[in-house]
Amino acid sequence: MSLSLKSFVQNSKFFSSLLKPVSKAYVGAAGYRQIGLRYDDLIAEESELVQEALRRMEIAEPRAAYDRAFRIRVAQQCSLSHQLLPKDKWVTEAQDIRYLQPYIDEVAAESAERAAFDNIKPVPRH
């Protein structure tokens, strides 16, 4: 198990309490919630990994895929009209859940496993 900055900050009460307000301010300044998007809506779809995750999500949860497409269309309309949604339609922190990340993690793990099996070198038997 490797130690990452994310896990270090999350496990440290001092750093976590120090960076939590900064992260909330950053999310507010990013403005994606004000146009109705969730964090996972911002993930670029160009990667094959994300495309496969979206395909699996569409099969497993068709309603989530429809909701994602609707949020993106609403955000595009807000962007074109240079307006924000009314405050009662903004995405709240409780609504901004990571719905796509479990699928991305699953596809990435399968890809890593496939790559590991592809690199197996046979040992000659004597």
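The notes below deal with the structure included here. (Residues numbered from 1 in each chain as written. Predicted model: local features only at pLDDT ≥ 70, side-chain atom pairs only at ≥ 80, totals over all residues. Heavy atoms only, no water.)

1. Re the overall build of the protein
Moving on, step 1. Helix and strand counts for the protein come out as five helices and zero strands.
Moving on, step 2. A globule of 126 residues ought to have a C-alpha radius of gyration of about 14 Å, yet the protein, at 20 Å, is considerably larger.
Moving on, step 3. Overall size of the protein, expressed as C-alpha extent along the three principal axes, is 75 × 40 × 20 Å.
Moving on, step 4. By the burial criterion, 24% of the 126 residues in the protein qualify as buried.
Moving on, step 5. Pairs at least 24 residues apart make up 76% of the contacts formed inside the protein by residues separated by at least 6 positions.
Moving on, step 6. Counting only carbon and sulfur atoms, one obtains 59% of the accessible surface of the protein, whose full area is about 10000 Å².
Moving on, step 7. Averaging the positions of the 18 positive and the 17 negative side-chain charges in the protein gives two centres separated by 5 Å. (Helix = DSSP H or I, 4+ residues; strand = E, 2+ residues; numbered from the N terminus. Rg over C-alpha atoms; globule rule 2.2 N^0.38 Å. Buried < 20%, exposed > 50% of the residue type's maximum accessible area, 1.4 Å probe, protein only. Contact = heavy atoms within 4.5 Å. Areas by Shrake-Rupley, 256 points an atom, 1.4 Å probe, with all protein chains shown as cover. Lys, Arg positive; Asp, Glu negative; His and termini not counted. Charge placed at Lys NZ, Arg CZ, Asp CG, Glu CD.)

2. Quick look at the nonpolar core
Moving on, step 1. In this structure, V50, A53, L54, M57, A64, A65, Y99, L100, Y103, I104 and V107 together form the largest nonpolar core, which totals eleven residues.
Moving on, step 2. Residue assignment for this core shows that the elements contributing at least two residues are α3 (48-60), α4 (62-81) and α5 (101-118).
Moving on, step 3. Setting aside residues no more than four positions away along its own chain, L54 makes contact with E45, R68 and L100.
Moving on, step 4. Core analysis: the next-biggest nonpolar cluster, separate from the first, contains six residues, Y32, I35, C78 and L85 among them. (Core = buried A, V, L, I, M, F, W, Y, C linked by side-chain atoms within 4.5 Å.)

3. Some details on the layout of surface pockets
Moving on, step 1. If you add up the space inside the largest pocket, you get close to 820 Å³.
Moving on, step 2. Contributing to the lining of the largest pocket are 20 residues, with Q10, K20, S23, K24 and V27 lying nearest its centre.
Moving on, step 3. Elements with a contribution of two residues or more to the lining of the largest pocket: α1 (5-11) and α2 (13-30).
Moving on, step 4. A per-element tally of the lining of the largest pocket places α2 first, with ten residues.
Moving on, step 5. A per-class count over the lining of the largest pocket returns nine nonpolar, four polar and seven charged. (1 Å grid on protein atoms, 1.4 Å probe; cavity = no way out; pocket = protein on both sides within 12 Å on 5 of 7 lines; lining within 4 Å. Points joined across faces, edges and corners; volume = space filled by probe spheres on them. Nonpolar A, V, L, I, M, F, W, Y, C, P; charged D, E, K, R; others polar.)

4. A look at the pattern of salt bridges
Moving on, step 1. The full count for this structure, using the stated rule, is eleven salt bridges.
Moving on, step 2. The partner of E52 in a salt bridge is R56, and the shortest N-O contact between them spans 2.9 Å. Here R56 and E52 lie together in helix α3, a separation of four residues that amounts to about one turn.
Moving on, step 3. The partner of R56 in a salt bridge is E110, with the nearest N and O atoms 2.6 Å apart. Of the two residues, R56 sits in helix α3 while E110 sits in helix α5, which places them 54 residues apart along the sequence.
Moving on, step 4. Using a relative accessible area of 19% as the deciding quantity, one classes R56 as buried.
Moving on, step 5. What you see here is one network of salt bridges that share partners, running through E52, R55, R56, E106 and E110. (Salt bridge = Lys/Arg side-chain N within 4 Å of Asp/Glu carboxyl O.)

5. Some remarks on the packing of α3 against α5
Moving on, step 1. Taken N-terminus to C-terminus, the directions of α3 and α5 make an angle of 125°; their axes are 8 Å apart at the nearest point. If you check the angle between α3 and α5, you find them oblique. Every pair of crossing elements has a handedness; the one defined by α3 and α5 is right-handed. On the side of α3, the interface is formed by L49, V50, E52, A53, R56, M57 and A60, while α5 contributes Y103, I104, E106, V107, A108 and E110.
Moving on, step 2. Its residues assigned to classes, the contact of α3 with α5 shows nine nonpolar, no polar and four charged. (Axes fitted to C-alpha atoms, helices over the stretch in contact; angles between N-to-C directions. Parallel < 35°, antiparallel > 145°, perpendicular 65-115°, else oblique. Left-handed = near helix turned anticlockwise from the far one by under 90°.)

6. A short note on the packing of α3 against α4
Moving on, step 1. Packing of α3 against α4 leaves a shortest axis separation of 5 Å and a crossing angle of 120°. With respect to α4, the axis of α3 lies oblique. Facing α3, whose interface residues are L54, M57, E58, I59 and A60, α4 presents P62, A64, A65 and R68.
Moving on, step 2. Of the residues assigned to the contact of α3 with α4, the class counts are seven nonpolar, no polar and two charged.

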